[in-house]
Amino acid sequence: NNNNNNPNILPINLSALRQTIEHTREIIGYPTYDISVSLITDSQMREINSISRGIDAPTDVLSFCFQEEDDMIEPGVLGDVQFDTPDFYNLGDVLIDVEYVQRRCEE
């Protein structure tokens, strides 16, 4: 499927995105932890923002920490994982509204 002629398709350099995620994990001190990054639409972001924050509008980025607030030592410092399994070495989810970010870049 050739999407080069579709103006709604935004080319995303996945290799650069992966490198950015890896570099960020190293900077914050959790290089072996997983992080989920989802690129979503305005309508998806609006729905999630409404449910999670009570704001019925899209936004550029939302993040959700995997660990419960009680398990954190202080902001930015995670406590010990509950179980020593790979699933628990997770920073959380980052949702990026590609359409929103694209509009902001054009401003």
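Computed from a predicted model, the values in this text were never measured in an experiment.

Once that is clear, we can look at the pattern of salt bridges. Counted by the stated rule, this structure contains 3 salt bridges. R46 serves as the salt-bridge partner of D56, at 3.0 Å between the closest nitrogen and oxygen. Linking D56 in the loop between helix 2 (42-53) and strand 2 (61-65) with R46 in helix 2, this pair joins segments that are 10 residues apart in sequence. By relative accessible area, R46 is classed as partly exposed at 40%. Two residues, R104 and E107, come together in a salt bridge whose shortest N-O distance is 3.3 Å. Overall, E107 belongs to the exposed group, its relative accessible area being 72%.

The next thing to look at is a nonpolar patch on the surface. A cluster of nonpolar side chains, contributed by L10, I12, L14 and L39, occupies part of the molecular surface with about 310 Å² of accessible area. Along the chain, L14 falls in helix 1 (residues 14-28).

A word on helix 1. For helix 1, with 15 residues, the first-to-last C-alpha span of 21 Å sits near the 21 Å given by 1.5 Å per residue. N-cap assignment for helix 1: the residue whose side-chain oxygen lies 3.2 Å from the backbone N of S15 is N13. Looking one or two places after helix 1, you find G29, whose phi comes out positive at around 90°.

The next point concerns the sheet that holds strand 2. What the 3 strands build is an open sheet, ordered 1-5-2; its pairing is mixed. The strands lining the two open edges of the sheet, one partner per strand, are strand 1 (34-40) and strand 2. Here the average twist between neighbouring strands, direction ignored, is 15°. Pairing analysis gives 5 bridges linking strand 2 to strand 5 (residues 90-97), with the strands arranged antiparallel. Within strand 5, the position partnered with C65 by the bridge is G92.

What counts and how
- Residues numbered from 1 in each chain as written.
- Predicted model: local features only at pLDDT ≥ 70, side-chain atom pairs only at ≥ 80, totals over all residues.
- Heavy atoms only, no water.
- Salt bridge = Lys/Arg side-chain N within 4 Å of Asp/Glu carboxyl O.
- Helix = DSSP H or I, 4+ residues; strand = E, 2+ residues; numbered from the N terminus.
- Buried < 20%, exposed > 50% of the residue type's maximum accessible area, 1.4 Å probe, protein only.
- Patch = residues over 30% accessible without salt bridge, like charges linked within 9 Å, V, L, I, M, F, W, Y side chains within 5 Å.
- Areas by Shrake-Rupley, 256 points an atom, 1.4 Å probe, with all protein chains shown as cover.
- Expected span 1.5 Å × (residues − 1).
- Polar contact = N/O pair within 3.5 Å; in protein donor to acceptor, adjacent residues only side chain to side chain.
- Pairing = 2+ DSSP bridges.
- Axes fitted to C-alpha atoms, helices over the stretch in contact; angles between N-to-C directions.

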